[in-house]
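# Examining the three-dimensional arrangement
Below, each chain spelled out in residue letters.
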Amino acid sequence: MRTEWIGANRLVIKIGSSLLVDSGSGTLRHAWLEALADDIAGLKAQGKEVVVVSSGAIALGRNALKLPKGPLKLEDSQAAAAVGQIDLAHAYEDVFRERNLVAAQVLLTLGDTEERRRYLNARNTMTTLLKLGAVPVVNENDTVATSEIRYGDNDRLAARVASMMSADCLVLLSDVDGFYTAPPGSSADARRLDEVREITPEIEAMAGDVGSDLSKGGMVTKIEAARIAVAAGTHMVIASGKVLHPLEVLAHKGTATWFLARSDPVTARKRWIAGTLEPKGAVILDDGAVQALASGKSLLPAGVMRVEGSFERGDAVVIRTSQGVEIGRGLAAYGYEEAKAIIGRKSSEIAEILGYLGRPELIHRDDMTLYRRG
């Protein structure tokens, strides 16, 4: 087994339509899904957290609605998704329940992973589901998305989910067993790469459209997914799903291509907070709070003397000492007005002050990066 697989505590598994839905009948491939569920149950038994990003809703829905083969108009795709999503959710619910697992349906749009407040809501919801032992099953919310605000493929959606959840590994189960120097079948010299350590122009040039009739995601979208994943510190692997127990096969040195990240998800996330996001305000701390942060604690409202700026929940803010020295940056769990109301108060008082039970931290340590001093 590869160390990237052994050391992965949180995995995102993306499943293509062509694996889940029979291309001839347009019906669910139950035996394959049962085998996949066995694999996921095995990973859960090892203490790993698993998020599934599943295609298949449109493919199932178009069969139920008897829509013609070939490209669909947007409104037909949305109608198919509305019907197929019910079948898909029930299928996962059934196979997981048989293995004493709880399935949770999560429908996302492009905006949910790009707009800060919605991003934070989605991240917190899925983090809570994982803590409670459930398996989130994610799909794009095709029934409400328009052509201008869609991902259009679940490879990039899966990469955004992996980034959002600080996953250690993203697995793209596909109808091909890895990334080839040329589209398989197009050249006798095409060979599969075992590892990709950097996405160079040469690697991009090798990507070709090897998508099936049911899947829009060819190698071009997989390279784009890899770029998103590795930037977030997440290793990505493209592996064949055209076998039973594909995750078990992959774990025991199945043929695949690994795209290797240069840093871990926590380091990448903190670097993103520190250097990419534009701060919308600042929090000024007392000396006790500064010492608490230095020892690895989260920032509680009680240690904040005042807040500045105009920030919303999920926005980046500068963290300063009472002398005005910037010591780090973080993502605010409350907007400016709410933060102003609770600073200097105990976390146990938040519900009474705001009228709802929010997070006890103003900035959680996982959403914070501190600068080295001295």
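Look up: the structure comes first, before these words.
Quick look at the structure, then. What you see is a predicted model; the values in this text were computed from it and never measured.

The computed volume of the second largest pocket comes to approximately 520 Å³. Arg 10, Arg 123, Thr 127, Lys 131 and Asp 366 are the residues nearest the centre of the second largest pocket, which is lined by 17 residues in total. Elements that contribute at least two residues to the lining of the second largest pocket include exactly helix 6 (116–131) and helix 11 (265–275). Per-element tally for the lining of the second largest pocket: the top contributor is helix 6, with five residues. Counted by class, the lining of the second largest pocket contains three nonpolar, five polar and nine charged residues.

What follows concerns the packing of helix 4 (residues 57–64) against helix 5 (residues 74–97). Here helix 4 crosses helix 5 at 100°, and the two axes come no closer than 6 Å. Looking at the two axes, helix 4 sits roughly perpendicular to helix 5. From helix 4, Ala 57, Ile 58, Leu 60, Gly 61, Arg 62 and Ala 64 reach across to helix 5, where they touch Ser 77, Ala 80, Ala 81, Val 83, Gly 84, Gln 85, Asp 87 and Leu 88. Here the contact of helix 4 with helix 5 is built from residues that sort into eight nonpolar, four polar and two charged.

Counting across every chain of the model gives 25 salt bridges. Each member of the salt-bridge network shares a partner with another, and the members are Arg 2, Glu 4, Glu 195 and Arg 197.

The subject of this paragraph is the pairing of strand 7 (residues 235–240). In summary, the side chains of a regular strand alternate between the two faces of the sheet. Burial runs high along strand 7: six of the six residues are buried. Judged by which residues are buried, strand 7 turns out to be covered on both faces: His 235, Val 237 and Ala 239 on one side and Met 236, Ile 238 and Ser 240 on the other are all buried. Pairing analysis gives six bridges linking strand 5 (residues 169–174) to strand 7, with the strands arranged parallel. Within strand 7, the position partnered with Ser 174 by the bridge is Ser 240. In this sheet, strand 8 (residues 256–259) lies alongside strand 7 in antiparallel orientation, the contact comprising four bridges. Counterpart to Met 236 in the pairing with strand 8 is Phe 259.

One open sheet holds the five strands; their spatial order is 10-9-11-12-13, and the pairing between them is mixed. Whereas interior strands pair on both sides, the edge strands pair on one side only; in this sheet they are strand 10 (304–309) and strand 13 (368–370). Along the sheet, successive strands turn relative to each other by an average axial angle of 20°, direction set aside. The strands touched by helix 11 within the sheet are strand 12 (326–331) and strand 13, with strand 12 carrying the most contacts at an inclination of about 110°. This element, helix 12 (residues 287–294), spans strand 9 (281–285), strand 11 (316–320), strand 12 and strand 13 of the sheet and lies at about 100° to strand 9.

With that out of the way, let us pick up the sheet that holds strand 4 (residues 135–140). Read from one edge of the open sheet, eight strands run 3-4-2-1-5-7-8-6, paired in mixed fashion. What marks the edges here is a single partner per strand, and that holds for strand 3 (103–108) and strand 6 (195–196). Relative to strand 2 (residues 49–54), strand 1 (residues 10–15) runs parallel, the two being bridged by six bridges. The residue bridging Ile 15 from the neighbouring strand is Ser 54, located in strand 2. Along the sheet, helix 9 (residues 219–231) makes contact with strand 5, strand 7 and strand 8, crossing strand 7 at roughly 150°.

This structure, assessed with the given rule, holds three aromatic pairs. Ring plane angle 55° and centroid distance 5.8 Å describe the contact between Tyr 92 and Phe 96, whose orientation is recorded as tilted. Here Tyr 92 and its partner Phe 96 are both found in helix 5, four residues apart, which amounts to about one turn of the helix. Look at Tyr 92 and you get buried, because its relative accessible area is 1%. Here Phe 96 falls in the buried class, since its relative accessible area comes to 1%. Relative to Phe 259, the ring of Phe 179 has its centre 6.1 Å away and its plane inclined at 70°; by these criteria the two rings are edge-to-face. You can see Phe 179 sitting in the loop between strand 5 and strand 6 and its partner Phe 259 sitting in strand 8, a full 80 residues away along the chain.

What counts, and at which threshold
- Residues numbered from 1 in each chain as written.
- Predicted model: local features only at pLDDT ≥ 70, side-chain atom pairs only at ≥ 80, totals over all residues.
- Heavy atoms only, no water.
- 1 Å grid on protein atoms, 1.4 Å probe; cavity = no way out; pocket = protein on both sides within 12 Å on 5 of 7 lines; lining within 4 Å.
- Points joined across faces, edges and corners; volume = space filled by probe spheres on them.
- Helix = DSSP H or I, 4+ residues; strand = E, 2+ residues; numbered from the N terminus.
- Nonpolar A, V, L, I, M, F, W, Y, C, P; charged D, E, K, R; others polar.
- Axes fitted to C-alpha atoms, helices over the stretch in contact; angles between N-to-C directions.
- Parallel < 35°, antiparallel > 145°, perpendicular 65-115°, else oblique.
- Contact = heavy atoms within 4.5 Å.
- Salt bridge = Lys/Arg side-chain N within 4 Å of Asp/Glu carboxyl O.
- Buried < 20%, exposed > 50% of the residue type's maximum accessible area, 1.4 Å probe, protein only.
- Pairing = 2+ DSSP bridges.
- Phe/Tyr/Trp six-rings, centres within 6.5 Å; stacked < 30°, edge-to-face > 60°.

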